[in-house]
2 protein chains.
Amino acid sequence: MAKTSNLVRPHGGGDLNPLMPQGDALASARAHAESLPKLPITSRESGDLIMLGIGGFTPLTGFMGQADWQGVVDDMRTADGLFWPIPITLSADEAVEPGTELALFDEERDTIMGTITVSESYQIDKAHECREVFKTEDDAHPGVKMVMAQKAWNVAGDVVVLSQGGFPEEYGEQFMTPAQTRAEFEKRGWNTIAAFQTRNPMHRSHEYLAKVALEVLDGVLIHSLLGKLKPGDIPADVRSNAIGTLIDNYFKPNTVIQAGYPLDMRYAGPREALLHAVFRQNYGCSHLIVGRDHAGVGDYYGPFDAHGIFDEIGEDALETQPLKMDWTFWCNDCNSMASMKTCPSDDHDRLLLSGSKLRKLLSEDEPVPENFSRPEVLEILSKHYAGIETADRVTVELKGHSAR
Amino acid sequence: MAKTSNLVRPHGGGDLNPLMPQGDALASARAHAESLPKLPITSRESGDLIMLGIGGFTPLTGFMGQADWQGVVDDMRTADGLFWPIPITLSADEAVEPGTELALFDEERDTIMGTITVSESYQIDKAHECREVFKTEDDAHPGVKMVMAQKAWNVAGDVVVLSQGGFPEEYGEQFMTPAQTRAEFEKRGWNTIAAFQTRNPMHRSHEYLAKVALEVLDGVLIHSLLGKLKPGDIPADVRSNAIGTLIDNYFKPNTVIQAGYPLDMRYAGPREALLHAVFRQNYGCSHLIVGRDHAGVGDYYGPFDAHGIFDEIGEDALETQPLKMDWTFWCNDCNSMASMKTCPSDDHDRLLLSGSKLRKLLSEDEPVPENFSRPEVLEILSKHYAGIETADRVTVELKGHSAR
């Protein structure tokens, strides 16, 4: 008897569509790629390509053409009407003849990541994309900066993906594909799963968000961004270690899975929250935890803009639903974790610590207030900061990607 | 411009259908009822009638006939296919000629509660109803006992409801009709509301259930049963006071509403959990918190049978969804509230106190462990127990309804 999955369906309602061939087909596709002209690609494009390769961007078949770009930017729909909140595009210095096959070359990795069969080249109003997607044209916004730095032409077409960019080697079992998380959920008998998006270690406020989700659903996928971050963020290996320790000590076995995905942050706030939900649907998650200032940066977005946008997209857009939650913290007066929604008084003694304040305390080896974070987690973070000499620390703040 | 409600629709998909006339129509219906032969009704039947009167049992129009009884008992569907999990029936010593109009007389209240136009009389296999609805024929089960004590005939027909049984006078604003809770939710801008079913005061474990719901929804309706309970339960006025104190001190304004509904407990466990969801849909609640042994008594039901049954009823059965939660408690090792799902170790130092153990501590003026309950709540309960002399206490344990 065929087993029917109770998980949410992949985005678009069909099967997962991973664009990376396996076995002999992969070997011959790689050999073929060596013979093609190379198009250099950026880190963001590389992450998007890997996501296409593992089926995380199902049902897309490659980088978007002009009609899809326009529809996605203006209405969050491709030309075919598929819900998609952020353009997935590839740029080049020059237009490319339709039908041309190119090898997509990641210079940082010194690797051909995939091939594209070009269907069209087109030029975009980058400022328009930024206004619609990021709600700002400010070049200080890291996502805007990436878009404005794109080359003059967008090149569209179906892709064949040839590499996972070293993520499986670097992160081992934590680098799970959508097919793998789905298989794991089914093995565990989970039907309802919340994805917890993170690019940081988890303190008690984050533990609380995950536990609230666990109280009402079957499981939680702690799903870390493994691609590039902005300067000053905790390196991925330290973060992964800190989260693993938290899970081992403070979560019940068989309730949480830690995994990662290959994208770079775009910091598009509300629009990126929607993208986070789209690809979590492919990973099999019925819910996405959306907290305060989800995927935001600086003051570009209202703290709950990423909540509101889920009410504007139409009921057919997504099967994966947001679990909208407020700012969470330990409250000494409540003697419990709470949020702005559940802590009754503004006068209450709440532990609210910014990321930069925490970094300052840890790097100066000052005590972190009790109940802000679990001691086992703080120990790992303290060791990380102790391992960075002052001079290096400044470099890390500027460079940001010390771990990769 | 007509305002569209974002609340769940009343059960059956139409409008609320309260069966109690208003104003002059009520006065003349009452005068008419005085001229009719009287049929005495039980406390449970009286509660069901009031619920029909205020629209809580929408779309029912009266007490069920044989085809509906059979369908509801066997398949949880009326003859028309409407989802309904527990028969709503009226019994009499003798069959009644179809077309006869009777006054439904509550002897305890000495009041005509409504009138029925009899459509049919039929006899049922009471033991069959008990096996299907209560999963037992054991006469020690209080719900079984009620069914087995019904008179020889079931009398069906549409009703006109003439009284709210004194609930508005006794409970004031806390006795809200479905139309009133819906209006209040809309006034507050709430779309997603969890009903918290209770027949007891709330300790920290219950506060935690409500707060978990609040973290992910707009509001919580703490919805107390105001009808009859089994012996030993805390009287409704003490409970209401204790819950009010908890809300005032530990919940944020505009997040919780305390209200009550007029039914007696049936203790039908899983089937009653479904009935709780059906009428909460009429009250406008998108969710029902379903905890451990919901609406159970003794050892008749598995602790999570009331979770599982929601998976068996078909997607069209209910708009109101269960928020399934595990056994909750304070854990000293976690230094937080937790549940069997979120507390990681079986060795943890958990505060688990049975209702009877708590009653014993309170009535003997022994200290209740810290973090089991809020001090303001314990103070009210202690006063209640201190006010009961030992001899009275025994009476209360036996009689059970001291407050009404």
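About the criteria used
- Residues numbered from 1 in each chain as written.
- Chains lettered and ligands numbered in written order.
- Predicted model: local features only at pLDDT ≥ 70, side-chain atom pairs only at ≥ 80, totals over all residues.
- Heavy atoms only, no water.
- Helix = DSSP H or I, 4+ residues; strand = E, 2+ residues; numbered from the N terminus.
- Rg over C-alpha atoms; globule rule 2.2 N^0.38 Å.
- Contact = heavy atoms within 4.5 Å.
- Areas by Shrake-Rupley, 256 points an atom, 1.4 Å probe, with all protein chains shown as cover.
- Lys, Arg positive; Asp, Glu negative; His and termini not counted.
- Charge placed at Lys NZ, Arg CZ, Asp CG, Glu CD.
- Buried area = accessible area lost by both parts, 1.4 Å probe.
- Polar contact = N/O pair within 3.5 Å; in protein donor to acceptor, adjacent residues only side chain to side chain.
- Nonpolar A, V, L, I, M, F, W, Y, C, P; charged D, E, K, R; others polar.
- Buried < 20%, exposed > 50% of the residue type's maximum accessible area, 1.4 Å probe, protein only.
- Arc of directions from axis to C-beta.
- Domains from an automatic or database assignment.
- Salt bridge = Lys/Arg side-chain N within 4 Å of Asp/Glu carboxyl O.
- Expected span 1.5 Å × (residues − 1).
- Least-squares fit on C-alpha atoms with pLDDT ≥ 70 in both.
- Pairing = 2+ DSSP bridges.
- Axes fitted to C-alpha atoms, helices over the stretch in contact; angles between N-to-C directions.
- 1 Å grid on protein atoms, 1.4 Å probe; cavity = no way out; pocket = protein on both sides within 12 Å on 5 of 7 lines; lining within 4 Å.
- Points joined across faces, edges and corners; volume = space filled by probe spheres on them.
- Parallel < 35°, antiparallel > 145°, perpendicular 65-115°, else oblique.

### Quick word on the overall build of chain A
Part 1 of the argument: The helix and strand tally for chain A stands at 14 helices and 14 strands.
Part 2 of the argument: Against the 2.2 N^0.38 benchmark of 22 Å for 404 residues, chain A shows a C-alpha radius of gyration of 21 Å, consistent with a compact globule.
Part 3 of the argument: For the C-alpha atoms alone, the extent of chain A along its principal axes is close to 65 × 60 × 40 Å.
Part 4 of the argument: For chain A, contacts bridging at least 24 residues in sequence account for 74% of all contacts bridging at least 6.
Part 5 of the argument: For chain A, the accessible area works out to roughly 16,300 Å², and carbon and sulfur atoms hold 48% of it.
Part 6 of the argument: Mean positive and mean negative side-chain charge positions of chain A (37 and 60 charges, respectively) differ by 4 Å.

### A few points about the interface of chain A and chain B
Part 1 of the argument: Facing the 32 residues of chain A at the interface are 32 residues of chain B.
Part 2 of the argument: Summing the contributions of chain A and of chain B, the shared interface buries around 2,500 Å²; its carbon and sulfur component is 48%.
Part 3 of the argument: Together, Glu215(A), Lys252(A) and Lys341(A) form the three largest contributors to the area buried by chain A at its contact with chain B, with a combined 29%.
Part 4 of the argument: There are 17 residue pairs in polar contact (both at pLDDT 80 or more) connecting chain A and chain B.
Part 5 of the argument: Of all the secondary-structure elements, those providing two or more residues to the side of chain A that touches chain B are helix H8 (204-216), helix H9 (236-250), strand S11 (321-324) and strand S13 (336-339) of chain A.
Part 6 of the argument: Sorting elements by how many residues they give to the side of chain A that touches chain B places H8(A) first, with seven residues.
Part 7 of the argument: Of the residues in the side of chain A that touches chain B, the class split is 16 nonpolar, seven polar and nine charged.

### Here we look at helix H7 (residues 178-188) of chain B
Residue and element names in this part refer to chain B.
Part 1 of the argument: All of the buried residues in H7 are Pro178, Thr181, Arg182, Glu184 and Phe185. Buried residues along H7 cover an arc of 160° about the axis, so they all sit on one side.
Part 2 of the argument: In the segment just after H7, Gly189 is the residue with positive phi, at about 75°.

### Quick notes on the domain arrangement of chain A
All names here are of chain A.
Part 1 of the argument: Domain annotation of chain A identifies domain 1 (23-166), domain 2 (168-327) and domain 3 (328-404).
Part 2 of the argument: A separation of 24 Å is found between the C-alpha centroids of domain 1 and domain 2.
Part 3 of the argument: Contacts between domain 1 and domain 2 engage 35 residues on the former and 31 residues on the latter.
Part 4 of the argument: Of the roughly 2,800 Å² buried where domain 1 meets domain 2, counting both sides, 62% is carbon and sulfur surface.
Part 5 of the argument: Where domain 1 packs against domain 2, one counts two salt bridges.
Part 6 of the argument: At the surface where domain 1 touches domain 2, the tally comes to 18 residue pairs in polar contact (both at pLDDT 80 or more).

### Quick notes on helix H2 (residues 43-54) of chain B
Residue and element names in this part refer to chain B.
Part 1 of the argument: Compared with an ideal rise of 1.5 Å per residue, which puts twelve residues at 16 Å, H2 spans 17 Å between its outermost C-alpha atoms and is within 8% of the ideal.
Part 2 of the argument: When you tally the buried positions in H2, you get eleven out of twelve residues, the bulk of the element.
Part 3 of the argument: Buried residues of H2: Arg44, Glu45, Ser46, Gly47, Asp48, Leu49, Ile50, Met51, Leu52, Gly53 and Ile54, and no others.
Part 4 of the argument: Note on H2: the residue one or two positions beyond its end, Gly55, has a positive phi of about 90°.

### A look at the relation of the copies chain A and chain B
Part 1 of the argument: Note on the identical chains: chain A maps onto chain B by a rotation of 180° and an axial translation of 0.0 Å, with an RMSD of 0.0 Å. Look at the turn and shift together and you get a two-fold axis relating the two.

### Description of the sheet that holds strand S11 (residues 321-324) of chain B
Residues and elements named next belong to chain B.
Part 1 of the argument: The strand order across the open sheet formed by five strands is S9-S8-S7-S10-S11, and the pairing between neighbours is parallel. Among the strands making up the open sheet, the edge pair consists of strand S9 (256-261) and S11. This sheet shows a mean twist of 30° between the axes of neighbouring strands, independent of strand direction.
Part 2 of the argument: Bridge analysis of strand S7 (residues 193-198) against strand S8 (residues 219-225) gives six bridges, and the strand direction is parallel. Bridge pairing in S8 links Ile193 to Gly219.
Part 3 of the argument: Docked against the sheet, helix H8 (residues 204-216) engages S7, S8, S9, strand S10 (287-290) and S11, running at close to 145° with respect to S8.

### Observations concerning empty space enclosed by the protein
Part 1 of the argument: For the structure on display, the rule yields eight cavities of 30 Å³ or more.
Part 2 of the argument: Here the largest cavity is characterised by a volume of approximately 210 Å³.
Part 3 of the argument: For the lining of the largest cavity, the secondary structure elements donating two or more residues are H8 and S13 of chain A together with H8 and strand S13 (336-339) of chain B.
Part 4 of the argument: Broken down by class, the residue content of the lining of the largest cavity amounts to five nonpolar, three polar and eight charged.

### A short note on the pairing of S13(B)
Both faces of the sheet carry side chains from a regular strand, because those side chains alternate between them.
Part 1 of the argument: In this structure, strand S12 (residues 328-331) of chain B lies alongside S13(B), joined through four bridges in antiparallel fashion. Looking at the pairing, Phe329(B) lines up with Ala338(B) of S13(B).

### So, the packing of helix H12 (residues 355-363) of chain B against helix H13 (residues 375-386) of chain B
All names here are of chain B.
Part 1 of the argument: Between H12 and H13, the shortest axis-to-axis distance is 9 Å and the interhelical angle comes to 70°. As far as their axial angle goes, H13 and H12 are roughly perpendicular. Where H12 abuts H13, its residues Arg359, Leu362 and Ser363 lie against Leu378, Leu381, Ser382 and Tyr385.
Part 2 of the argument: Looking at the contact of H12 with H13 residue by residue, the classes come out as four nonpolar, two polar and one charged.

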